[in-house]
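Results of the structural survey
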Amino acid sequence: MGQAKLLKTTLILPRVETHDAVSKLAELEWFHPLQNPSEHGNPYFDDLLLNAQKLFQEIDDVIRSLGIPLETGVMAALFKGAPQEKTDYKIDDIQNFIVELEKKSKVLLEEPISLLKIQQQIEKELEEYRNALDAIGSASKLKMELSELRRLKTFFAEIFIVNSKDIKEIQNSLSDLIVHPFKLNDEKSSITVIGSQEDSEKIMKVLRSFNVHPIQIPPDLPQNPGIAFDHCQRTCKELEKKSSEIVKKIEKLKVSLLPKLLSLYESSKVTKDILEVTRKPGGTKNFALIQGYIPDGMEKKFKNLTKSYVSIAEPASLDKDSSNQLPTLLLNNKYAKTFEVITETQGLPNYGEVDPTPIIAFVWPVFYGIMFADLGHGLLLFGLGMFLRYRANGSLRTWATLLAASGAAASIAGVGTGEFFGFHMDEIAILAPIFAPLDGLVGALNVSELTFEQVIKILKVSVAIGIIHLMMALFLRLRADILERDKLIVLTHDIPTIIQFLAIVALILAAIGSGYDIIGMFGITGVTHNEPVPWLTYLFGNWVTVDLVAKATPPIIIATAGIMIYGGKKEQELTAKHGHDEGGGLMGIVIEVILVRIIEVLSNVISYTRLGIMLLVHAALLVTVNQSYEHGGGLAVLIGGNIGIMLIEGLIVYIQTIRLHLYEWFPKWYRGEGVEFKKLIPKMLYSNLVWPEKRSS
C-alpha cells in the first residue's frame, strides 16, 4: 500500500512512426504522458485522430438520442441492475482498432439510426399538425371555404378570431364596414370583415391593434377550417400511434443493444482520447520526443514494447523549481482502495506524501461502527451494500462497497453493545446461544441502561479515540516537515504542538478525574485531589494523580506557547526578507497561539464526543420504537421505525464520520494537492482490449 515509485521515460523515434509508438504505449496502459507539444505534426496521425473523432461523435449522437446513461443510477442498479457484459476487442495497433470499431459501428448503428430518423420525421410532422390544430382550433366550427373568400377582387374579405368582449369595440372602429360576428365559445368569436380593397390596410391596422391576425391554414390542408381541423385531428392520432410504435421498437432495441452500444462508445472515446493526448509530441520536424511516467514495476514491459526505438527510463525526482508536478499513483489492496473516494474528496496526496487511504480504511469503519452500533441494522446495511455492489458498476460499485464495509463495522460494534434492532441479544432466544461463547465481549459497551456512569464511560471512549486520531495527524505533520528539512517549523511548531496537545489532553482528563472540580483541582479551594486520572493512571501507574497533572501541565502549556510565539516571529522575519507580507505582527502571533490554537485543541478533542453521542441517540431512538411496539404499536411501528432510523441515522452518521476526517483530521497535516496519474487506457466498464501476448513478454 502507499504510492508507486515512478520512472520518467523518454522515447526518441522518427515522427512518421508516432502512431505505432502510441499503439505500444497504449498496450502498456500504465503511461502518464508529459504534455510538451510542438508545432510539428504528422499528417497520417492527424488523419487517424480525425477518423477517431468522427467515429466517437457518431456513436455519441446515437447514445444521446437514445437517452442511454453512461453509468447506471442507484435506483436503476437496485431494481434493474447495471450492464455487466463486456465486449472483447483483439487489438494490434490503434489504426486497425479504429477500422474495426468503424465496421462494428456501421453494423450496430444502422437499425437505431434508421429508427431515430423515422421518429424524428414523425415528430416533425406531428409538430406541424399540432401547430395547425392550434391555429385552426378556435375556428373549427366554421364551415366556410377561405380560398373562395380570398379570391374576391373587388372586395376585401377576411375572417379573424377575436375575444368576444372586443367585438363591440372592433365594430365601432370599423363602423362603415360589414363586420359579422359568430360566437365560437364563451370566450372566442369569429368575425368576418368585408370592405373594399382600399379598406384592407385600415382593416388590418385595426385588427393588429387587438393583436389579431387572419386565420391561416397551411396550403397543403383543406382551406375549410372545419374540414381542415378534422383532417389534422385524424392525422395527429395516426402519427401518435406510429410514434408510440416506434418508441416501443427503440426501447426494445435499447435493451438488446445496450451493452454493445456502451462498449462501442467507451472504446471509441478511449481511442480518441489517446490520440488527442499524444498528438504533436515534442522534438524536431523529423524526430518525435515522447516523455511520460510509468510505475517502476512496468520498466521491463516498457523496454520490451519500445525496443525498436531509443528509449530511456530513469527514476523520477521532485524538482521544486519546475512547474511539472509528478503524478500520484496510489497502490492499495482491494479493501483499502474502496476508501480512496474519501481521500479524493480532499485531493490526492503529492508525490512522496503519505497516502491517508490505509489509515482511513481502518478508522472509517471504527467511527461508523461506534455511531451506528447495532447488529441487525449493520447486517441490513451490509446486505444492501453487497447487493448494490453485485448489481452496480463503475464508481457506484465503489460506494456500494463502502456501504457494505460500514455495515460490517456496525455489526461488529453491535456485538459490543449487545444490540439487535434495539433488543438485547441475551434476551433473544435464537441469538443467545450463538453469542454465548463471546460472553465477555457482547454488551461490553452497554447502551441499554443509559445511566450517568454508562454515558460517561461512552464519552471517555470517544475522547480517547479522538486523541489517538488527532495524535496521528500531528505526527504525520511532523514527519512531513522533517522530510522537508524545515528545522524551524519542526522545533518551534510541530514538536511544541504535540507536547502542548498532550498537556491539554492530560488537563481535560484530570478535570474528569476530579469530578469536574476544575477550579478546585488547582488547589485554589484548599482541597488536594489525589484521585486517579482516567487512562493516564492506568497507563503510567498510581503516582499519576489529578493534583500532579494540574500542577505540571500549566507550565508546559505556557512554555510551549512561548516557543511557538518565538517560532512564529522568526517565520515572519524570514518571509519579510523574501519580500512577502509580514502578517499580523507579534500581537497577531500571540493571539493566534494563546487563544486560537489552545481553544482549537479543546474544540477538536470535544468534537470527537459525537462518536458517543450519536451512539446514545441511536440507542434512544430504538428504545422509543421498541417500547411503542411493546405497548401495542404493532409490527408496522416496529418495522417502519427501524427503516426510518436506518435511513435518517445512517445518513447522519456518514456525515459525522466524514466531518471528523475533513474538518478535524485532514487540516492538521494533509495538503492534498497531488496530480492524478492518468493511464493512457483507463479502467473500462464495458470493454476488454486484448493485445498480442508475445510483444510484451
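Residues numbered from 1 in each chain as written. Predicted model: local features only at pLDDT ≥ 70, side-chain atom pairs only at ≥ 80, totals over all residues. Heavy atoms only, no water.

A short note on the sheet that holds strand E5 (residues 155-163)
Within the open sheet, the three strands sit side by side as E5-E7-E6. Their pairing is antiparallel. Both outer strands of the open sheet, E5 and strand E6 (178-183), are each paired with one neighbouring strand and no more. Strand-to-strand twist of the sheet, defined as the mean angle between neighbouring strand axes without regard to direction, takes the value 20°. As judged from the six bridges shared by E6 and strand E7 (residues 188-196), these two strands associate in the antiparallel manner. What sits directly across from histidine 180, in E7, is threonine 192. (Pairing = 2+ DSSP bridges. Helix = DSSP H or I, 4+ residues; strand = E, 2+ residues; numbered from the N terminus. Axes fitted to C-alpha atoms, helices over the stretch in contact; angles between N-to-C directions.)

Looking at the nonpolar core
Counting residues in each nonpolar core, the largest one holds 65 residues, and the members touching the most others are Leu261, Ile274, Leu275, Ile681 and Leu689. Breaking this core down by element, the ones donating at least two residues are strand E2 (6-14), helix H1 (18-28), helix H2 (43-66), helix H4 (94-136), helix H8 (225-277), strand E9 (287-295) and helix H9 (299-305). Element by element, the count of residues in this core is highest for H8, at 15 residues. Beyond its immediate sequence surroundings of up to four residues, isoleucine 681 is in contact with Ala26, Glu29, Val270, Ile274, Leu689 and Trp691. (Core = buried A, V, L, I, M, F, W, Y, C linked by side-chain atoms within 4.5 Å. Buried < 20%, exposed > 50% of the residue type's maximum accessible area, 1.4 Å probe, protein only. Contact = heavy atoms within 4.5 Å.)

So, unusual backbone geometry
Here the phi dihedral of glutamate 29 falls at roughly 70°; this positive angle occurs in a residue that is not glycine. By the secondary structure assignment, glutamate 29 is in the loop between H1 and strand E3 (32-33). A residue is classified by how much of its surface remains accessible, and glutamate 29, at 23% relative accessible area, is partly exposed. For lysine 280, which is not a glycine, the phi torsion comes out positive at approximately 50°. Considering the arrangement of structural elements, one finds lysine 280 in the loop between H8 and strand E8 (282-283).

Side note on the pattern of salt bridges
Tallied over the full model, the rule gives 16 salt bridges. With its nearest N and O atoms 3.7 Å apart, the salt bridge here joins glutamate 29 to lysine 679. Of this pair, glutamate 29 sits in the loop between H1 and E3 while lysine 679 is found in the loop between strand E15 (675-676) and strand E16 (687-690), placing the two residues 650 residues apart along the sequence. With a relative accessible area of 23%, lysine 679 lands in the partly exposed category. As a salt-bridge pair, aspartate 60 and arginine 64 come within 2.8 Å of each other at their nearest N and O atoms. Of this pair, aspartate 60 and arginine 64 both sit in helix H2, four residues apart, which is roughly one turn of that helix. According to the relative accessible area criterion, aspartate 60 is buried, its value standing at 8%. You can call arginine 64 exposed: its relative accessible area is 63%. What you see here is one network of salt bridges that share partners, running through Lys269, Lys272, Asp273 and Glu276. (Salt bridge = Lys/Arg side-chain N within 4 Å of Asp/Glu carboxyl O.)

What about a positive patch on the surface?
A grouping of Lys86, Lys334, Arg389 and Lys683 is seen on the molecular surface, where their side chains present a positively charged patch. Its location among the elements puts arginine 389 in helix H13 (residues 375-391). (Patch = residues over 30% accessible without salt bridge, like charges linked within 9 Å, V, L, I, M, F, W, Y side chains within 5 Å. Areas by Shrake-Rupley, 256 points an atom, 1.4 Å probe, with all protein chains shown as cover. Lys, Arg positive; Asp, Glu negative; His and termini not counted. Charge placed at Lys NZ, Arg CZ, Asp CG, Glu CD.)

Focus on the packing of aromatic side chains
Here the distance between the centres and the angle between the planes together describe a pair of aromatic rings. Tallied over the entire structure, the rule returns eleven aromatic pairs. Seen from their ring centres, tyrosine 89 and phenylalanine 97 are 5.6 Å apart, and the 75° between their planes marks the pair as edge-to-face. Each member of the pair, tyrosine 89 as well as phenylalanine 97, carries the same accessibility label: buried. For the ring pair phenylalanine 367 and tyrosine 608, a centre distance of 6.0 Å and an interplane angle of 70° mean the geometry is edge-to-face. Of this pair, phenylalanine 367 sits in helix H12 (residues 357-371) while tyrosine 608 sits in the loop between helix H20 (585-607) and helix H21 (610-669), placing them 241 residues apart in sequence. (Phe/Tyr/Trp six-rings, centres within 6.5 Å; stacked < 30°, edge-to-face > 60°.)

A few points about the pairing of strand E4 (residues 87-90)
Covered by surrounding structure in E4 are Thr87 and Tyr89 only, the residues Asp88 and Lys90 on the alternate face being uncovered. Sheet topology places E4 next to E16; four bridges connect them, and they run parallel. When the bridges of E16 are listed, tyrosine 89 appears paired with leucine 689.

Quick notes on H20
Taking 1.5 Å per residue as the helical rise, H20 with its 23 residues ought to reach 33 Å, and the 31 Å between its terminal C-alpha atoms agrees with that figure. Considering bend angle alone, the principal kink of H20 is centred on glutamate 592 and spans about 35°. Turning to H20, the residues buried within the fold contact helix H16 (452-483), helix H17 (487-513), helix H19 (546-577) and H21. (Expected span 1.5 Å × (residues − 1). Bend = angle between axes of the 7 residues up to and from the residue.)

A closer look at the packing of H17 against H20
H20 packs onto H17 with a crossing angle of 55° between their chain directions and a minimal axis gap of 10 Å. Judged by the inter-axis angle, H17 sits oblique to H20. In terms of crossing hand, the pair formed by H17 and H20 is right-handed. Note on element contacts: H20 touches H17 through Arg597, Ile598, Val601, Leu602 and Val605, opposite His493, Gln500, Phe501, Ile504, Val505 and Ile508. Along the lines of polarity and charge, the residues of the contact of H17 with H20 split into eight nonpolar, two polar and one charged. (Parallel < 35°, antiparallel > 145°, perpendicular 65-115°, else oblique. Left-handed = near helix turned anticlockwise from the far one by under 90°. Nonpolar A, V, L, I, M, F, W, Y, C, P; charged D, E, K, R; others polar.)

With respect to H17
In an α-helix, one turn spans 3.6 residues, which is why side chains three or four residues apart end up on the same side. Here H17 spans 38 Å end to end across 27 residues, near enough to the 39 Å set by a 1.5 Å rise per residue. At proline 496, H17 shows its maximal kink, close to 30°. The buried count for H17 comes to 20 of 27 residues, which makes it a mostly enclosed element.

Brief notes about a negative patch on the surface
A grouping of Glu123, Glu127, Glu128 and Asp220 is seen on the molecular surface, where their side chains present a negatively charged patch. One can find glutamate 128 in helix H4. Given the relative accessible area of 46%, glutamate 128 is considered partly exposed.

Observations regarding the pairing of E7
Consecutive residues of a regular strand have side chains that alternate between opposite faces of the sheet. Two strands pair when backbone bridges link them, and E5 and E7 are joined in this way by nine bridges, in the antiparallel orientation. Bridging across to E7, phenylalanine 160 finds its partner in isoleucine 191. The turn joining E6 and E7, which pair antiparallel and follow one another in sequence, is formed by four residues.

Details of the environment of glutamate 664
Mapped onto the secondary structure, glutamate 664 falls in helix H21. Of the residues examined, glutamate 664 reaches a relative accessible area of 5% and is grouped as buried. Once residues lying within four places of it in the same chain are set aside, the contact partners of glutamate 664 are Leu470, Asn604, Ser607, Tyr608 and Arg659. Only 2.6 Å separates the side chain of glutamate 664 from the side chain of asparagine 604, close enough to count as a polar contact. (Polar contact = N/O pair within 3.5 Å; in protein donor to acceptor, adjacent residues only side chain to side chain.)

What to know about a nonpolar patch on the surface
On the surface, a cluster of nonpolar side chains totalling about 670 Å² of accessible area is made up of Tyr629, Leu635, Ile639, Ile643, Leu647, Ile648 and Ile652. Since its relative accessible area comes to 57%, isoleucine 648 is described here as exposed.

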